[in-house]
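Survey of secondary and tertiary structure
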Amino acid sequence: MKVSTAQWSADPALSDGDDPVERLVSVLTLEEKLAQLYGVWVGASDEGGDVAPHQHDVEEVVDLDQLLPLGLGQLTRPFGTRPVDAALGAVSLMRTQERIRATSRWGIPALAHEECLAGFAAWGATAYPVPLSWGATFDPGLVERMARRIGDDMRSVGVHQGLAPVLDVVRDARWGRVEETIGEDPHLVATIATAYVRGVESAGVVATLKHFVGYSASKGGRNLAPVSVGRRELQDVLLPPFEMAVREGGVRSVMNSYSDVDGVPVAADRSLLTGLLRDQWGFEGTVVADYFSVAFLKLLHGVAGTWAEAAGAALRAGIDVELPTVKTFGEPLRRAVEEGILPLDLIDTALRRVLRQKAELGLLDPDWTPVPPALAGADLADPEALRATIDLDPPGNRALAAELAEAAVVLLRNDGTLPLDRPASIAVIGPNADDPYAMLGCYSFPTHVVTQHPGVEMGIRIPTLLEAVRAEFPDARIAHTAGTTVDGGETSGIAEAVRLAAAADVVILALGDRAGLFGRGTSGEGCDIETLALPGAQQQLVDAVLDAGTPAVAVMLAGRPYALGRASDEAAGIVEAFFAGEEGAGAIAGVLSGRVNPSGRLPVSVPATPGTQPSTYLAARLAQRSDVSSIDPTPAFPFGHGLSYTSFTWSDLLVDRDEIDTDGIVRVRLRVANSGSRAGVEVVQLYLHDPVASVARPVQKLIAYARVPLAAGASADVEFAVHADLAVYTAASGDRVVEAGELVLSAGRSSGDLVSAQTVRLVGPTRIVDHRRHLTAEVDATPV
């Protein structure tokens, strides 16, 4: 007999307690309990390429008629698997939920999840800039606004959980997933990612931190490759973003990393997923498996001999939900429990977390309805009549996408050519000049899914850079040629590119990446590279165009930083735009014309040469240029760098005291004035240097920043209240400590351009601290 959700939640006979979660734990059969611990991805692999690693190796046909009577934990990507009209997708999801409720004994709805890395990954939904562009904004508030819109859109059609943000700190720019990260500095990553979490969670949608932890530190920048990091790199670089998001973001889900760390796969590492995440940090949400990662314990890592052993290892470690579909948490796990190999308590522990989250989402409420907000009041009798009635890319979304793209564009170099002053003729050259996909990362829906469905429209309007330049400069004669492809290596078109360049007043050279998956692009998941040389024959194109003698502005439309060769010193200008989304072309064209005053700052260093990886500004002395190595890793453009069309004058940095206790606070102040003729934004960055420590430390470390908009002639006092906790590091003992001694606090325009500094002495006993320490400085920018 089926008992409806309303019945069991109101019938005390089902359990002695009043808690609906405990009632369910007491009455569900083993099979019904297991059903709550896995997702189902229906029909995701019957056509097209993989959208997850080894998808075709692991995925099996799912018999819903057999599964659904037991209930279901999650529905995997009901919108993000195929191009589907938003309204029809919402109706389909609603009917699936109705089917789950009607056929299962207890009628517990499934939790539906989707990707949302650069916007809701659904056909027709807004494609925002990728996370690397979020980092370039240095603007958590703006990112939080974007995230709230993404969450609202997902919730409106019945989605409960989003698989973002990515908190991996870039350690090697050759890694394909750099575009999905926020940058190479843990403080920048932490603050931007936590803002994103707040935005999504404020919409009533569960945000998911990924990939916990170490994924970006793989050997050689190879996807899923082993990770060999020491305790200090783990605790001081890779973990802090997760700490902040758990503590200050209110996040309710975490996804494990695919990698092994020092030989232990994270999916089977109880010390990380339970000991650290839950026992130390107090995380109470769900840990969901990255796609197929439980099966990978047997298939790829070789630490489990059977599917049941893989399932048991993951559950013991702390994984609650197997995604994207059932493989090990079904029949193999049932047999292991029934045979006494695994205890039932292990299942019940995960079950309580899953059901508790469903209760928080209202899925266990007696009056829960499968009708999503976007369909409320609609006539559901004729779904086809609802086609095109839900707009996931409304004008407000596009305006916000444009605002974020404009804030993220970074002007790296300018010899005075920019902004362009009404050129009579412009040659727009390069493989990314007239391709809308050049604006999109690998997890945008068009790139991730539409490319696997030939003939299907992108679903949203994405102007190309060529189109945007024509619109921005309507009186100019525009000539265009690609010159070469992104990575094909062709050189036959370079002569035509040189001819057009020589005949023009200025050249706009559109270079960079093509996002894709598993080798189908030059950037994206599974698209790792050997060096940071420009892909294909693009450097040959650059050199030939520079030789033509016409001022050339290089525009990078990319998912990672590349060495730009001669362009770093010889280009008239360089504009960096990390997959800037559907409104990215207009933002770049606005920077070229001067309509937009650039204010982005580099979230990752741009290398001077292509072979210096792994490299990051967050480096100890011997990782920088020295007399003991012939390799110079000094970047062409350092972390935090970015130019403007106005000028800013900084006063000397002042501190309110030159000595504080090891648990004290020092206030750091400087005045910033816009000494130019137009409004602009300055980004004040505060760096910490510890001259003498008990272990080798990075020479500079970002501890705070302030994005300060100023009208022409205006000034602001920028103050940072810096707690001594921000000087924390992992000592030789393995403890995180704040020690007595000198600290140098420097205000900088970038990690390589420190304007002024003050020394502060910490006094008192060494303090051992944990995640409850102060994580950020209080920042105030007051107009004067």
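Residues numbered from 1 in each chain as written. Predicted model: local features only at pLDDT ≥ 70, side-chain atom pairs only at ≥ 80, totals over all residues. Heavy atoms only, no water.

Turning next to the overall build of the chain. Within the chain, the secondary structure is distributed over 23 helices and 28 strands. The C-alpha atoms of the chain give 27 Å as radius of gyration, which agrees with the globular expectation for 784 residues (28 Å, within 12%). With the C-alpha coordinates aligned to their principal axes, the bounding extent of the chain is approximately 80 × 65 × 50 Å. On the chain, roughly 27,200 Å² of surface is accessible, and the fraction owed to carbon and sulfur atoms is 48%. Both charge centroids of the chain, one from 65 positive and one from 101 negative side chains, sit 2 Å from each other. (Helix = DSSP H or I, 4+ residues; strand = E, 2+ residues; numbered from the N terminus. Rg over C-alpha atoms; globule rule 2.2 N^0.38 Å. Areas by Shrake-Rupley, 256 points an atom, 1.4 Å probe, with all protein chains shown as cover. Lys, Arg positive; Asp, Glu negative; His and termini not counted. Charge placed at Lys NZ, Arg CZ, Asp CG, Glu CD.)

With that out of the way, let us pick up helix α6 (residues 86-103). Taking 1.5 Å of rise per residue, the 18 residues of α6 would be expected to cover 26 Å, and the 26 Å separating its terminal C-alpha atoms lies within 8% of that figure. Among all positions of α6, only A86, A87, L88, G89, A90, V91, L93, M94, Q97, I100 and R101 are buried. Two to three positions downstream of the cap, the backbone nitrogen of A87 sits 3.0 Å from a side-chain oxygen, assigning the N-cap of α6 to D85. (Expected span 1.5 Å × (residues − 1). Buried < 20%, exposed > 50% of the residue type's maximum accessible area, 1.4 Å probe, protein only. Polar contact = N/O pair within 3.5 Å; in protein donor to acceptor, adjacent residues only side chain to side chain.)

Next up on the list: the pairing of strand β25 (residues 741-750). The buried count for β25 comes to eight of 10 residues, which makes it a mostly enclosed element. When strand β20 (residues 680-689) meets β25, the two strands line up antiparallel, connected through five bridges. Residue pairing in the sheet places Q685 in a bridge with G748 of β25. Looking at chain direction, β25 and strand β26 (residues 753-763) are connected through nine bridges and run antiparallel. Each bridged residue has a counterpart across the sheet, and for L745 the counterpart in β26 is Q758. Between β25 and β26, which pair antiparallel and follow one another directly, the connecting turn spans two residues. (Pairing = 2+ DSSP bridges.)

Okay, the nonpolar core next. Of all hydrophobic cores here, the largest spans 176 residues; its most connected members are F120, M146, Y196, L209, F212, F329 and I429. Discounting residues that sit within four places of it in the chain, Y196 has contacts with C116, W134, V143, M146, A147, I150, A164 and P165. By size, the runner-up hydrophobic cluster in this structure holds 38 residues, among which are A127, L466, A510 and A585. (Core = buried A, V, L, I, M, F, W, Y, C linked by side-chain atoms within 4.5 Å. Contact = heavy atoms within 4.5 Å.)

With that out of the way, let us pick up a negative patch on the surface. Side chains of D658, E659, D661 and D663 sit close together on the surface and give a patch of like negative charge. Positionally, D658 belongs in the loop between β17 (654-655) and β18 (659-661). When its relative accessible area of 57% is taken as the criterion, D658 is described as exposed. (Patch = residues over 30% accessible without salt bridge, like charges linked within 9 Å, V, L, I, M, F, W, Y side chains within 5 Å. Salt bridge = Lys/Arg side-chain N within 4 Å of Asp/Glu carboxyl O.)

A few words now on the sheet that holds strand β23 (residues 729-730). Spatially, β23-β24-β27 is the arrangement adopted by the three strands of the open sheet, whose pairing is antiparallel. The open sheet terminates on both sides in strands that have one partner only, identified here as β23 and β27 (767-768). As paired elements, strand β24 (residues 736-738) and β27 share two bridges and run antiparallel to each other. Bridge pairing in β27 places V737 opposite I768.

Our next topic: the pattern of salt bridges. If you walk through the whole model with that rule in mind, you get 44 salt bridges. When the shortest N-O distance is used, the salt bridge between E115 and K210 registers 3.0 Å. With E115 in the loop between β3 (111-114) and α7 (131-137) and K210 in strand β5 (residues 206-212), the pair connects residues that are 95 residues apart, well separated along the chain. Like E115, the residue K210 is buried in the burial classification. When the shortest N-O distance is used, the salt bridge between E403 and R145 registers 2.9 Å. Pair noted here: E403 is in helix α17 (residues 395-408) and R145 is in helix α8 (residues 140-156), with a separation of 258 residues, a long-range link. Using a relative accessible area of 43% as the deciding quantity, one classes R145 as partly exposed.

A separate point is the side chain of E583. Take E583: it is sitting in the loop between β15 (573-578) and α23 (584-593). For E583, a relative accessible area of 17% corresponds to the buried category. Ignoring sequence-local partners within four residues, the contact set of E583 consists of R398, A401, A402, A405 and R461.

Two numbers describe how α8 lies on α17: the axes approach to 10 Å, and their chain directions differ by 150 degrees. Taken together, the axes of α8 and α17 are roughly antiparallel relative to one another. Read as a crossing pair, α8 and α17 show a hand that is left-handed. Where α8 abuts α17, its residues L142, R145, M146, R149 and D153 lie against G396, N397, L400, E403, L404 and A407. Tallied by class, residues from the contact of α8 with α17 come to five nonpolar, two polar and four charged. (Axes fitted to C-alpha atoms, helices over the stretch in contact; angles between N-to-C directions. Parallel < 35°, antiparallel > 145°, perpendicular 65-115°, else oblique. Left-handed = near helix turned anticlockwise from the far one by under 90°. Nonpolar A, V, L, I, M, F, W, Y, C, P; charged D, E, K, R; others polar.)

A few words now on the sheet that holds β26. Taken together, five strands build an open sheet; the order of strands is β18-β26-β25-β20-β21 and the sheet is mixed. At either end of the open sheet lies a strand with only one pairing partner, and these are β18 and β21 (701-710). Across the sheet, the mean angle separating the axes of adjacent strands is 30 degrees when strand polarity is ignored.

Our focus in this paragraph is the packing of helix α9 (residues 186-202) against helix α11 (residues 240-248). As a packed pair, α9 and α11 sit with axes 8 Å apart at the nearest point and diverge in direction by 30 degrees. In terms of orientation, α9 lies roughly parallel with respect to α11. When the axes of α9 and α11 are compared, the crossing they make is right-handed. Along the contact surface, α9 presents P186, V189, A190, T191, T194 and R198, while α11 presents P240, P241, M244, A245 and E248. Among the residues forming the contact of α9 with α11, the class breakdown is seven nonpolar, two polar and two charged.

It is worth spelling out the environment of A304 at this point. Mapping A304 onto the fold places it in the loop between α13 (293-299) and α14 (307-317). Note: C-alpha distance between A304 and V294 (10 residues apart in sequence) is 9.8 Å. In contact with A304, other than residues within four places in its own chain, are L297, K298, E309 and A310.

The full count for this structure, using the stated rule, is 13 aromatic pairs. Seen in terms of ring centroids, W134 and Y196 are 4.8 Å apart; in terms of plane orientation they differ by 15 degrees. Their pairing is stacked. Separated by 62 residues along the polypeptide, W134 in helix α7 and Y196 in helix α9 bring together distant segments of the chain. The same class applies to W134 and to Y196, which are both buried. The ring of Y443 carries K210 above its face, with NZ or CZ at 5.5 Å from the centroid. (Phe/Tyr/Trp six-rings, centres within 6.5 Å; stacked < 30°, edge-to-face > 60°. Lys NZ or Arg CZ within 6 Å of the ring centre and 35° of its normal.)

As a further point, take helix α15 (residues 331-338). Within α15, the full set of buried residues consists of P332, L333, R334, A336 and V337. Turning to α15, the residues buried within the fold contact α3 (30-35), α14 and α16 (344-360). Among the residues trailing α15, G340 stands out with phi positive, at a value near 80 degrees.

Within the secondary structure, V708 sits in strand β21. Linking V708 and S253, residues 455 residues apart in sequence, is a C-alpha distance of 33 Å. If we skip the residues at most four places from it in the chain, V708 touches G680, V681, E682, V684, A716, V718 and A781.

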